[in-house]
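# Results of the structural survey
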Amino acid sequence: MLELKNISYEIDKHPIIRDLSMTVQKGEAIAVTGPSGSGKSTLLRLIADLISPTKGALYFDRQPYDVYTPEELRTRVSYLSQSIALFGETIADNLSFPSTVRKDHFDKQRAQELLEAVGLGHYQLSDHVQRMSGGEKQRVTIARQLMYQPDVLLLDEATSALDHQNSMRVEQLIFDFVAKGTTVLWITHDDEQSHRHFDRQVVIKDGILHKEVALT
Ligand SMILES: Nc1ncnc2c1ncn2[C@@H]1O[C@H](COP(=O)(O)OP(=O)(O)OP(=O)(O)O)[C@@H](O)[C@H]1O
Ligand SMILES: [Mg+2]
């Protein structure tokens, strides 16, 4: 499904990711861990095609990334960033964004179901996002990212601003996707979480793949 072959990423000759190779199978759930500043977000941004490696290559479905259009990769490989980025004014503006990109109709029922599932069932799609709390905004971005089932879902500490109950709800939604074949790479600092459902844990340290641990 995904293959990283000897990828390096440098900024101003400063190496951030160093000669990293990794193969990920379809439907696999991987916990990405490691110290702050070790290169975890950079690794996910490389896989999301938001940045390109300075050396090495990435493969999706056995084809190098550059045979795909950026739009094609963007819809198949979905990245949920560490920072909260909301668009427009209302919840609907955000949840309809993935369908707009795909030139598809906006499935309001799915949007309502997802709002419910992330614990925002008391909100209307027409409600404004500016007035929501940090954790609520984060849940809007999560719902937005889950409107369509991606082949690969990349999560950068997606539940960091959520309380326990809502984290569990979001985790459930994400692992429902895994059960249906989505591949997940999830950056987490939560050791309990990383052992609960994941197939494998990878530890990134100083930009290298320091250790891999098979779980379950
Ligand atoms: N655009 C950039 N310009 C300069 N340095 C960068 C840039 N992006 C990342 N870095 C540096 O690369 C290193 C790895 O950053 P990265 O965000 O990947 O770490 P991380 O493992 O996700 O950390 P955290 O757990 O704190 O989120 C850091 O030293 C960071 O300062
Ligand atoms: Mg990070």
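Above this text is the structure in question.
The sections below set out a description of the structure shown in this document. Source: prediction; values computed, not measured.

## A few points about the site of ligand 1
What surrounds ligand 1 is a group of 13 residues, the closest being Ser36, Gly37, Lys40, Ser41 and Thr42. Measuring from an oxygen atom of ligand 1, one finds a side-chain N or O atom of Ser36 at 2.6 Å. Taking Gly39, its main chain carries an N or O atom lying 3.0 Å from an oxygen atom of ligand 1. Ranked by residues supplied to the shell around ligand 1, first place goes to helix α1 (residues 40-47) with three residues. Considered class by class, the residues forming the shell around ligand 1 number three nonpolar, eight polar and two charged.

## Looking at the sheet that holds strand β3 (residues 29-33)
On the basis of which strands lie adjacent, the open sheet formed by six strands has the order β6-β7-β8-β3-β9-β10 and mixed pairing. Both edges of this open sheet fall to β6 (77-80) and β10 (208-214), since each of them pairs with a single strand only. Averaged over all pairs of adjacent strands, the angle between their axes in this sheet comes to 15 degrees, without regard to strand direction. Sheet analysis places β6 next to strand β7 (residues 152-156), joined by four bridges and oriented parallel. Pairing of Tyr79 across the sheet is with Leu154, part of β7. Where helix α7 (residues 164-179) meets the sheet, its contacts fall on β3, β7 and β8 (183-187), and the angle it forms with β8 comes to roughly 145 degrees.

## Digging into the sheet that holds strand β5 (residues 63-64)
Here we have four strands laid out as an open sheet, ordered β2-β1-β4-β5, and antiparallel in their pairing. Looking at strand neighbours, the two that pair on one side only are β2 (14-24) and β5, the edges of this open sheet. In terms of strand pairing, strand β1 (residues 2-11) meets strand β4 (residues 55-60) through five bridges, oriented antiparallel. Opposite Leu2, over in β4, you have Phe60 as the bridge partner.

The rules behind the values
All residue numbers refer to positions counted from 1 along the written sequence of the respective chain. Starting at A for chains and at 1 for ligands, labels are handed out in the order in which the entities are written. In keeping with the model being predicted, local features are shown solely for residues with a pLDDT of at least 70 and side-chain atom pairs are shown and tallied solely at 80 or more, while totals for entire chains, interfaces and linings include all residues. Excluded from the side-chain calculations are hydrogens and water; all other atoms, namely the structure's heavy atoms, are used. Distances are taken per atom, and a residue is near a molecule or strand as soon as one of its heavy atoms is within 4 Å of it. Contacts described as polar in this section are N or O atom pairs within 3.5 Å, which, within protein, must combine one atom able to donate a hydrogen with one able to accept it, while residues neighboring in sequence count only if both atoms come from side chains. For the purposes of this entry, the term helix denotes a DSSP run of H or I that reaches at least four residues, the term strand denotes a run of E that reaches at least two, and both are numbered from the N terminus. Ten residues, namely Ala, Val, Leu, Ile, Met, Phe, Trp, Tyr, Cys and Pro, are considered nonpolar, four, namely Asp, Glu, Lys and Arg, are considered charged, and the remaining ones, Gly among them, are considered polar. Here, a strand pair is defined by DSSP locating no fewer than two bridges between the strands. Between N-to-C directions, angles span 0 to 180 degrees; the directions come from axes that are lines fitted to C-alpha atoms, helices contributing only their stretch in contact. Throughout, a contact is declared for two residues whenever any of their heavy atoms are within 4.5 Å.

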